[in-house]
Amino acid sequence: MKTIKIFHALPLLPIAFMAPAVAADDVIQLNPVVVTATSLEQNIVDAPSAMSIITRKELDNRPVHDLVDALQGTESIQFTGEGMTRRGISIRGMPTSHTLILLDGKRISSAGAIAHSDYDYNWMPVEAIERIEVVRGPISSLYGSDALGGVVNVIPRKPTDEWKGSLRLGGGLMDHNRGGGSHQEGIYLGGPVIKDKLGISFTGTNQRREATKDPADPTISELEGRQSHQGDMTVVFTPFDNHRFDIGYGSGREKRWRDTKTSGSSPKNYQSNETIEREQQSFKYEGDWDWGNTIIRAYRNRLDRNVRYTNNQKPSDPNTTIKNSIVDFHANLTAIDRHTVSFGGEWHEEELESQGFANDGASAIYRSFFIQEQYAITPD
C-alpha cells in the first residue's frame, strides 16, 4: 500500500474550539478500570481473568477500518480464514463462534449461522469507540457458551460535561492498476445540552475500498470491494444524582461486490453483490444506592443480508434476517463487610429468517441467571 501522506498525517483532527478538552484524553491511567471480566468495575490488575485493553489513543495512532483492524497485535488473538478472503476473530485458538462480541456489554445479532460471515465486526463506527476490553479465556459462567474462547467488549465514547469532537480522514492507493484504493471519513461530536442533566453524542462514518483484481486472473477479484455508511446517536439523561438513563440508536448500510466465476468445464463470469443493513436500539438505567448499584437494560438489534448475482446466476440463500431482543439486569450488594454479592438475569429471544434453512428459519428463547460473591480475606 502507498498511503496518501496528507491523510496519514491526520489520524485525529480536533475541532478548533474543542482542543483543550482533547488534551485531557492523553492522560495515562496506570490501572485502568474494566467492567467485562466480572459484573463489577475494578482495576485491571485485580481482574480474575487475563485481559487486554485497546485505548482511544491507540486507535487514533494507526489506520483502523473495523474491529479486526483494531485488534491487530493483541495478545492471544488470531485471525482465521472464513472464506472469500474474510477474517474471523479467534481467542487462544478456539473457534470464532466462541468469541463473544459485545457493544458496551450488550450482545449483537450473531451472524455465525451465515457462511463466510464477518458481519459481527462492523457494528460500531471506529470514531465512536472509547476503548476495547478483551478477556482471554473462558468466561461462560457470566456470558454463556458463546464466551468459551473469550469476550471482546467494545466500549463507546459517552457525552461528558464538556463538548468534544474529532475528525478522521484516511486513504490509500494500490500499485499496478489492480484496484484496492480506499478512503475513510469519520466524525464524533458529544457534549452537554443541559449541564449535569442531559448530554448527547453523534458518530458517523463513511468507508470505501475498491475491489482488487486477482494477479493470476484479472477477470475475478482477489479482494472484494466494500462501501459502508454508519451512524450512531446516544442521549444520556441524569434527572437525579446517582440515577442515569441512556438511550441509543444506530444504523448502517454496507455493500460488498466481487467478480467471480462458476466452476465446471464452461465457467461463466458474474458479479456477486451483497447488501448488509444493521439497526440497533437500546435503553439502559443505572442507579447507585446506599447498599450498592443496579443496572437494567432492554435492547434490540437486527441484521438483514441480501445477495444478488449477475449473468442469470442465483444465490442459494438470497435473503437472511437475524433479530435479537434482550432484557437483562444485575445488582451489586456492597453493604456487607468484605463481601460483594452480585446477581442478575437475562431474557433473550433470537430469530433467524433464511431460505437456506428448514422451514425458512428458526427461533429460540434463552433465560439465564447468575450469582457471584467476592470476599476479601483481609482489607488489603
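Placed above this text is the structure.
This structure is a prediction, so every number in the text was calculated from the model and none was measured. (Residues numbered from 1 in each chain as written. Predicted model: local features only at pLDDT ≥ 70, side-chain atom pairs only at ≥ 80, totals over all residues. Heavy atoms only, no water.)

## Considering the packing of aromatic side chains
The cut-off we apply is this: By convention, a stacked pair of Phe, Tyr or Trp rings (six-membered ring in the case of Trp) has centres within 6.5 Å and planes under 30 degrees apart, an edge-to-face pair has planes over 60 apart, and any other such pair is tilted. Numbered from the N terminus, helices here are DSSP runs of H or I no shorter than four residues, and strands are runs of E no shorter than two. Placement of a positive charge over a ring is assigned whenever Lys NZ or Arg CZ falls within 6 Å of the ring centre and within 35 degrees of the normal to the ring plane.
Here the structure, examined in full by the defined rule, presents six aromatic pairs. Taken together, a centroid distance of 5.1 Å and an interplanar angle of 40° make the contact between phenylalanine 245 and tyrosine 285 tilted. In this pair, phenylalanine 245 sits in strand β17 (residues 243-261) while tyrosine 285 sits in strand β18 (residues 269-289), placing the two residues 40 residues apart along the sequence. An aromatic cluster is built from Phe237, Phe245, Phe283 and Tyr285, whose rings are joined through pairwise contacts. The ring of tyrosine 188 is capped by arginine 157, whose NZ or CZ atom sits 3.9 Å from the centre of that ring.

## So, the nonpolar core
Operational definition: In these notes, a set of buried Ala, Val, Leu, Ile, Met, Phe, Trp, Tyr and Cys residues joined through side-chain atoms within 4.5 Å is what counts as a nonpolar core. Partly exposed describes any residue whose relative accessible area lies between the buried limit of under 20% and the exposed limit of over 50%, with all areas from a 1.4 Å probe on protein chains only and scaled to the type maximum. Residue contacts are counted whenever heavy atoms from the two residues lie within 4.5 Å of one another.
Membership of the largest hydrophobic core comes to 29 residues, with the highest contact counts inside it found for Leu67, Leu71, Ile89, Ile132, Val134, Val152 and Val154. Among all residues touching leucine 67, those that are not within four sequence positions of it are Ile89, Ile101, Tyr121, Ile132, Val152 and Val154.

## Points about the pattern of salt bridges
Applicable threshold: Here, a salt bridge means any side-chain nitrogen of Lys or Arg that lies within 4 Å of a carboxyl oxygen of Asp or Glu.
Applying the stated criterion across every chain yields a total of 29 salt bridges. In this structure, arginine 56 engages aspartate 60 in a salt bridge whose closest nitrogen and oxygen atoms are separated by 2.8 Å. Highlighted residues: arginine 56 and aspartate 60, both in helix α3 (residues 56-60), separated by four residues, approximately one helical turn. Across this residue pair, the class does not change: arginine 56 and aspartate 60 are buried. Linking arginine 278 and glutamate 254 is a salt bridge whose minimum nitrogen-to-oxygen distance equals 3.1 Å. Placement of arginine 278 in strand β18 and of glutamate 254 in strand β17 is noted, with a sequence separation of 24 residues between them. Here arginine 278 and glutamate 254 have matching classes, each one buried. The network of salt bridges with common partners includes Arg86, Asp118, Glu224, Arg226, Glu254, Arg256, Arg258, Glu274, Arg278 and Arg305.

## What to know about the environment of phenylalanine 245
Note on phenylalanine 245: relative accessible area 26%, which makes it partly exposed. Put simply, phenylalanine 245 and phenylalanine 283 are 38 residues apart on the chain and 7.3 Å apart in space, counted from C-alpha to C-alpha. Excluding residues within four positions of it along the chain, phenylalanine 245 makes contact with Val235, Val236, Phe237, Pro239, Phe283, Lys284 and Tyr285.

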